[in-house]
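The residues making up each chain are set out below.
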Amino acid sequence: MRTFDIVIIGSGIAGGFLARQLRLACPDLGVLVLEAAGAMEDYKVGESTVEVAANYMVRRLNLGTYLYQHQLPKNGLRFFFDSPGKDLPLPRMSEIGSDHMPFHPSFQLERARLERDLVAMNRAAGAEVELGAKVVDVAIDGRGRHKVVYEQGGERREVACRWVCDASGRRHVLLRKLGVKVHKEARLNTAAAWGRYRGVAGLDAVTDAAWRSRARYTSRHLSTNHFMYDGYWIWFIPLAGDLMSVGVVFDKDRIGEGNAPAGALPGPRTRADFERFLGAHRAARELLEGAELEDFQSYAHLPYHADRYFSTDRYAVTGEAGAFTDPFYSPGSDFIATANEFITQMILADVGGDRSGFEEKVAAYDAYYRFKYDSTLRLYERMYPVFGSFELYRLKYLLDFNNYYNLVVWPFMADRVTDVGWIREELRFTDLVLRALSTMGEHFASLASDLRARGEYFAQNEGRFANGLNGVAQLETRLGPSIDERFRREQVDRAYGSVFAALVERRLGEPGLSDRARLVSELKLPQVLVFRDITPDRLARVLERIGERMTRELRGEFPDAGVERVELGPGGEVSVTGPAAGTEAHAEVLARARALWDASAGSLAHISL
């Protein structure tokens, strides 16, 4: 019987990346990869990567040159918004997207090609990769060697190993064998259908001069392009060569059969449904004119999670073998990068004989991975009813993108994400983070419902442009190997304060409220969490507190003026009691009070690059 240090089940990007990382980190380790497919030709979704995965591929896997030579660079995320009748031409749709390449790279992956190339790279690096090797049994022995049985070429073969790592995707080979529960997620009821088209001219073929100049002629084609609708979204993702990945993700509770709002289509389940669905949207229909659909796939349900991901019995799962949330924001490869970082550190601690360090890592990493799933899921849990409104989603994206760069990308780049001490500190705030995500989700969903009732949900869906980098420009020079915790905390408060103040302004019809420094600074994250309902009475109490603080300040600045009270009212109204009306003292104090109240917050909701 052949013996290896690690057996990896599956050679998709999760397993292929893990094999490469292990060989680079410790070339003495014997790695066997067992891939059920006889050839790496299967078309898979998950082509779009974002910054964590890109940093992992470039910095940890040393794939930068390969990616620029054989895959496509990505021009960030881009979002388009349509009319209720789904009939706007592309140049008239409101848009969120960058007007230049983002300051940290990411890529669009043609998965089959990458996975074929990973097989060759991993073999060249000393890993054994067996194709057409279907794993049929796994025996885990926490005190000895595991056994893995696989069938290949009609023969049954068996190997022994110290570690088993499952990267088999939705087959969940290892967890099913061990009886570890994989839960179908009930909090988000989404499904997807997708295919690859050949002969799509692409977004850069649109010749409207004003539309092209709006993004400074940067390539929209290279973006992950999202067409946003109430309850669903459509993606257009370019792949190397003459291919375009096109897909639909929909909330079955919102546009499933029998649940669709007036004018909505039921979510597509078949190839014919898929083509009809896309054809009902003018922008998609015009982009696909003359293109040929090469293949089609679908999932009836997307999100799921497991009870356990890593074990001191020396097994682990990565990628979709463990959990999946939603393809929006393209988090799948980020989960792979995080899991592979954890697995590599656990294996190195184990084979290095550091038993206590190994056990600490397993406990911390498993807890953090479960938290990562839960926090990511809550990003999407109430978001689908918000998707179709440019006005609403612009604010949601500001918050999410800022939090992603600040709370996810930065720690990964600084190698904090594998530091057990750092993880323990982060996990202390689990409840706070999850409550913040749920609270903001509730406010967004509530405002979406309110705007629908007012007939204003689509009010800004035509002719507007927001630079997608507005909310993270201040992080460009900060992200790197050194963490500034004070700055990170300030960014969290600024992001939540900016966005929540904008929600209050829109909900209560108070123009200008969201860029007042006094209000935004009052709405730090802890205050947002207790602001359960956006009502005039709740706002009045906040304004009363701000007025009390301003009163104390003005008494200090004008000790002889007899300032008694500053009151802040609707429409930006400011009044001062104490100094006699009409006197010079009253005029001076009132002017100063107005200046304090009118001071700009530099709100992220108002920044424009």
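Everything that follows concerns the structure shown earlier in this document.
Remember, predicted model here, so these are calculated numbers, not experimental data.

Further remarks concern the overall build of the chain. Along the chain, the regular secondary structure elements total 19 helices and 22 strands. Taken over C-alpha atoms, the radius of gyration comes to 27 Å for the chain, in line with the 25 Å a tight globule of 609 residues would show. Its C-alpha atoms put the chain at 100 × 60 × 45 Å along the principal axes. Across the 609 residues in the chain, those meeting the buried criterion constitute 56%. Sequence separation of 24 or more characterises 75% of the internal contacts of the chain that already satisfy a separation of 6 or more. If you sum the accessible surface of the chain, you get close to 23,700 Å²; carbon and sulfur atoms cover 47% of it. Between the centroid of the 78 positive side chains of the chain and the centroid of its 83 negative side chains there is a distance of 2 Å.

Bringing the pattern of salt bridges into the picture now. Under the counting rule described, the total for this entry stands at 50 salt bridges. Among the salt bridges present, the one from Arg-2 reaches Glu-128, with a minimum N-O distance of 2.7 Å. Of this pair, Arg-2 sits in strand 1 (residues 2-9) while Glu-128 is found in strand 7 (residues 128-131), placing the two residues 126 residues apart along the sequence. For Arg-2, a relative accessible area of 34% gives the class partly exposed. A salt bridge links Asp-273 to Arg-276, with the nearest nitrogen and oxygen atoms 2.5 Å apart. Placement of the pair is Asp-273 and Arg-276 together in helix 8 (residues 271-279), with a separation of three residues, close to one helical turn. Given a relative accessible area of 55%, Arg-276 falls into the exposed group. Through salt bridges with shared partners, a single network forms among Glu-391, Asp-450, Arg-454, Glu-456, Arg-506 and Arg-507.

Attention shifts here to the pairing of strand 22 (residues 574-577). By the alternation rule, side chains of strand 22 split into Val-574 and Val-576, which are all buried, and Ser-575 and Thr-577, of which none is buried. Alignment of strand 21 (residues 565-568) against strand 22, held across four bridges, turns out to be antiparallel. Across the sheet, Leu-568 pairs through a bridge with Val-574, a residue of strand 22. Counting the residues between successive antiparallel strands, the hairpin from strand 21 to strand 22 contains five residues, one of them, Gly-571, with a positive phi of roughly 70 degrees.

This part is about the packing of aromatic side chains. Counted by the stated rule, this structure contains 42 aromatic pairs. Consider the rings of Phe-310 and Tyr-369, whose centres lie 5.5 Å apart with planes at 65 degrees: the pair is edge-to-face. Placement of Phe-310 in strand 18 (residues 310-311) and of Tyr-369 in helix 11 (residues 355-380) is noted, with a sequence separation of 59 residues between them. Of the residues examined, Tyr-369 reaches a relative accessible area of 1% and is grouped as buried. When the ring centre of Trp-211 is taken as reference, the NZ or CZ atom of Arg-220 above it lies at 3.6 Å. One cation-aromatic arrangement involves Lys-372 over Phe-335; the distance from NZ or CZ to the ring centre is 5.0 Å.

Below, the discussion takes up the sheet that holds strand 16 (residues 292-299). In a beta sheet, neighbouring strands are held together by backbone hydrogen bonds and run either parallel or antiparallel to one another. Spatially, the eight strands line up as an open sheet ordered 16-12-15-14-13-4-5-20, and their pairing is mixed. Either end of the sheet is taken by a strand with one partner, and the two such strands are strand 16 and strand 20 (465-467). Adjacent strand axes in the sheet meet at a mean angle of 15 degrees, parallel and antiparallel pairs treated alike. Pairing geometry for strand 14 (residues 232-239) and strand 15 (residues 243-251), over eight bridges, is antiparallel. The partner of Trp-233 across the bridge, within strand 15, is Val-249. Sheet strands touched by helix 8: strand 12 (190-198), strand 14, strand 15 and strand 16. Its angle to strand 16, the strand with the most contacts, is close to 110 degrees.

With 15 residues, helix 19 (residues 584-598) ought to run about 21 Å at 1.5 Å a step, and its terminal C-alpha atoms sit 21 Å apart, in line with that. Here helix 19 has its buried residues at His-586, Val-589, Leu-590, Ala-593, Leu-596 and Trp-597. One side of helix 19 holds all its buried residues, which, seen down the axis, span an arc of 125 degrees. Buried residues in helix 19 make contact with helix 16 (517-522), helix 18 (536-557), strand 21 and strand 22.

A word on the pairing of strand 2 (residues 31-35). In terms of burial, strand 2 is a largely internal element, five of the five residues being buried. Pairing of strand 1 with strand 2, which is carried by four bridges, proceeds in the parallel orientation. From the neighbouring strand, Ile-9 faces strand 2, where its bridge partner is Leu-34. Between the parallel elements strand 1 and strand 2, the chain passes through helix 1 (residues 13-25) in a crossover that is right-handed. Pairing of strand 2 with strand 7, which is carried by four bridges, proceeds in the parallel orientation. Following the sheet pairing, Leu-34 is matched in strand 7 by Glu-130.

Packing of helix 1 against helix 10 (residues 332-351) brings their axes to within 10 Å, and their N-to-C directions diverge by 40 degrees. Accordingly, the angle class assigned to the pair helix 1 and helix 10 is oblique. Considering how the two elements wind past one another, helix 1 and helix 10 form a crossing that is right-handed. The residues of helix 10 that touch helix 1, namely those facing Ile-13, Ala-14, Phe-17, Leu-18, Gln-21, Leu-22 and Ala-25, are Ile-336, Asn-340, Glu-341, Ile-343, Thr-344, Ile-347 and Leu-348. Of the residues contributing to the contact of helix 1 with helix 10, the split by class is ten nonpolar, three polar and one charged.

For the rest of this paragraph, the subject is the side chain of Gln-474. Examined against the element boundaries, Gln-474 turns out to sit in the loop between strand 20 and helix 15 (485-508). Of the polar contacts made by the side chain of Gln-474, one reaches the backbone oxygen of Gly-471; its length is 3.1 Å. Side-chain polar atoms of Gln-474 contact the side chain of Gln-491, separated by 2.6 Å. Not counting residues within four places of it along the chain, the set of residues in contact with Gln-474 comprises Asn-402, Phe-487, Gln-491, Arg-494 and Leu-604.

Contact geometry of helix 12 (residues 390-413) with helix 14 (residues 430-454) gives a least axis separation of 10 Å together with a crossing angle of 170 degrees. Comparing their axes, helix 14 and helix 12 come out roughly antiparallel. Contacts from Glu-391, Leu-392, Leu-395, Lys-396 and Leu-399 of helix 12 reach helix 14 at Met-440, Phe-444, Leu-447, Ala-448 and Leu-451. Looking at side-chain class alone, the contact of helix 12 with helix 14 contains eight nonpolar, no polar and two charged residues.

With respect to the helices and strands, Asp-295 occurs in strand 16. Discounting residues that sit within four places of it in the chain, Asp-295 has contacts with Tyr-43, Trp-194, Gly-195, Arg-196 and Arg-271.

Scoring rules and cut-offs
Residues numbered from 1 in each chain as written. Predicted model: local features only at pLDDT ≥ 70, side-chain atom pairs only at ≥ 80, totals over all residues. Heavy atoms only, no water. Helix = DSSP H or I, 4+ residues; strand = E, 2+ residues; numbered from the N terminus. Rg over C-alpha atoms; globule rule 2.2 N^0.38 Å. Buried < 20%, exposed > 50% of the residue type's maximum accessible area, 1.4 Å probe, protein only. Contact = heavy atoms within 4.5 Å. Areas by Shrake-Rupley, 256 points an atom, 1.4 Å probe, with all protein chains shown as cover. Lys, Arg positive; Asp, Glu negative; His and termini not counted. Charge placed at Lys NZ, Arg CZ, Asp CG, Glu CD. Salt bridge = Lys/Arg side-chain N within 4 Å of Asp/Glu carboxyl O. Pairing = 2+ DSSP bridges. Phe/Tyr/Trp six-rings, centres within 6.5 Å; stacked < 30°, edge-to-face > 60°. Lys NZ or Arg CZ within 6 Å of the ring centre and 35° of its normal. Axes fitted to C-alpha atoms, helices over the stretch in contact; angles between N-to-C directions. Expected span 1.5 Å × (residues − 1). Arc of directions from axis to C-beta. Right-handed = clockwise from strand over helix to strand, strands pointing away. Parallel < 35°, antiparallel > 145°, perpendicular 65-115°, else oblique. Left-handed = near helix turned anticlockwise from the far one by under 90°. Nonpolar A, V, L, I, M, F, W, Y, C, P; charged D, E, K, R; others polar. Polar contact = N/O pair within 3.5 Å; in protein donor to acceptor, adjacent residues only side chain to side chain.

From the geometry alone we can't say anything about function, so treat these as descriptive.
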